[in-house]
Amino acid sequence: MSHIKNIINLAFESSCDDFSCAVLLKDSSGIRVLSNVIYSQDFVHDIYGGVVPELASRNHMKASVPALRFALSKAGISLSDVDLVSVTAGPGLVGSLLIGLMEAKTISFALNIPLAKINHIEGHIFSPFLENEEKFPFIALVISGGHTHIYLVKSHNNIKLIGRTRDDACGELFDKVSSYLGFGYPGGKVVDKFAEEGDESAFKFPLPMAHSHNLDMSFSGLKTAVISEINNLGGPDNIKESVVFDIFASLREAVAKILYKKTLYACNIYKISTIVVSGGVSANLRIRSLFAEAVEKSGLKIIFPSIPLSTDNAAMIGYAGYFKPSIDPVKNRVEFLNINADSSWEL
Ligand code: KG4
Ligand code: ZN
């Protein structure tokens, strides 16, 4: 008989424009998600073509208590059952981070429950292990609205940044092109959907830095190339629908190729055979299919989160929380009181 103590973990994520609260259980059979409630604000920011920080914080305030209530009731537990609180402390928008962080700190302090503060990127890196067995070491490609980073991960607490975008994140590129063509925010999902109807060889967009002998990337030149092409074709209002689909398909192909080349290069340099791809952009169908080819060609193991767990959610923050030293609000009073949001927290 195993004597692993059951640990109920209440997790919060509010780093950008989604407020999420989750309940997880760790017992002798592993870690399970009992509830994972996400309050999306896409409809709030869509008309502005990007996230408006003040509106994000205000909407987090509205969502914070109902999301907690809903997550607890869906999991069939009450606050008194909670053994651990996990929360994103950065990076992200400071006003957004503070709403989830203050809720988590309040619960932890009032009920005397230890608190684990989690880096948002760490949440993404380990998110696929909510549904797959862990396999160390691995190369982690984290692709989201704010990040395009490559890490060498040897354990939960040994994560080294080995490559990153020097300018835009790849999700930001999809969002900006979508917005420019009037498809709203966030655009990655829309670009992906319509790219399925287009021809990826219709436009030859550049692959900046794809062949450079380092693991850094760049997406702003690609964004400029796509926007110039749209303008050459008469501008966003005069372009034919089928041509828009071709642009989306060609853009998606270019992004997928850059990410694929750099990640495989990282595997080569560090002699690693497992790749974990996560973050909102990892929902992309072409990125998934291109990486799947690497399994066939070179026998690499590739792990993605399921599509619902690709974008921001509190379940992934809870998962990471099980592997972090937690801070006790009574025994580590000073450290606890000093926990704050860190909008540019680098892993
Ligand atoms: O991880 P995430 O939810 O939030 C951040 O941490 O940024 O990622 C959001 C990003 C947005 O840029 C969104 O457009 C992109 O993920 N995204 C996608 C897809 N679904 C969401 N990008 C490409 N293809 C998709 N299917
Ligand atoms: Zn994220």
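Everything below is about the structure printed above this text.
A quick note: this is a predicted structure, and the numbers were derived from the prediction, not measured.

Caption draft 1: Structural detail: the sheet that holds strand β5 (residues 115-119). On the basis of which strands lie adjacent, the open sheet formed by five strands has the order β3-β2-β1-β4-β5 and mixed pairing. Of all the strands in the sheet, just β3 (30-40) and β5 have a single pairing partner and so form its edges. Taking the axes of each pair of neighbouring strands and ignoring which way they run, one obtains an average angle of 20 degrees across the sheet. Two elements, strand β2 (residues 18-27) and β3, share ten bridges in a ladder whose sense is antiparallel. Considered in β3, the bridge of C21 is made with V37. Packing against the sheet, helix α2 (residues 53-75) makes contact with β1 (7-13), β2 and β3, and its axis sits at approximately 25 degrees to β2. Contacts from helix α3 (residues 94-111) reach β1, β2, β4 (84-90) and β5, with the element oriented near 155 degrees to β4.

Caption draft 2: Representation of the site of ligand 1 in the model. In the neighbourhood of ligand 1, 20 residues make up the surrounding shell, with G145, D175, G188, D192 and D312 lying closest. Between ligand 1 and G171 there is a distance of 3.3 Å, counted from an oxygen atom to a backbone nitrogen or oxygen. Between ligand 1 and D192 there is a distance of 3.0 Å, counted from a nitrogen atom to a side-chain nitrogen or oxygen. Burial of ligand 1 by the protein amounts to 89% of the accessible area it has alone, namely 550 Å². Of all the secondary-structure elements, those providing two or more residues to the shell around ligand 1 are α4 (120-126), α5 (170-180) and α6 (188-195). For the shell around ligand 1, the per-class residue count stands at four nonpolar, twelve polar and four charged.

Rules of the game
Residues numbered from 1 in each chain as written. Chains lettered and ligands numbered in written order. Predicted model: local features only at pLDDT ≥ 70, side-chain atom pairs only at ≥ 80, totals over all residues. Heavy atoms only, no water. Pairing = 2+ DSSP bridges. Helix = DSSP H or I, 4+ residues; strand = E, 2+ residues; numbered from the N terminus. Axes fitted to C-alpha atoms, helices over the stretch in contact; angles between N-to-C directions. Contact = heavy atoms within 4.5 Å. Near = heavy atom within 4 Å. Polar contact = N/O pair within 3.5 Å; in protein donor to acceptor, adjacent residues only side chain to side chain. Areas by Shrake-Rupley, 256 points an atom, 1.4 Å probe, with all protein chains shown as cover. Nonpolar A, V, L, I, M, F, W, Y, C, P; charged D, E, K, R; others polar.

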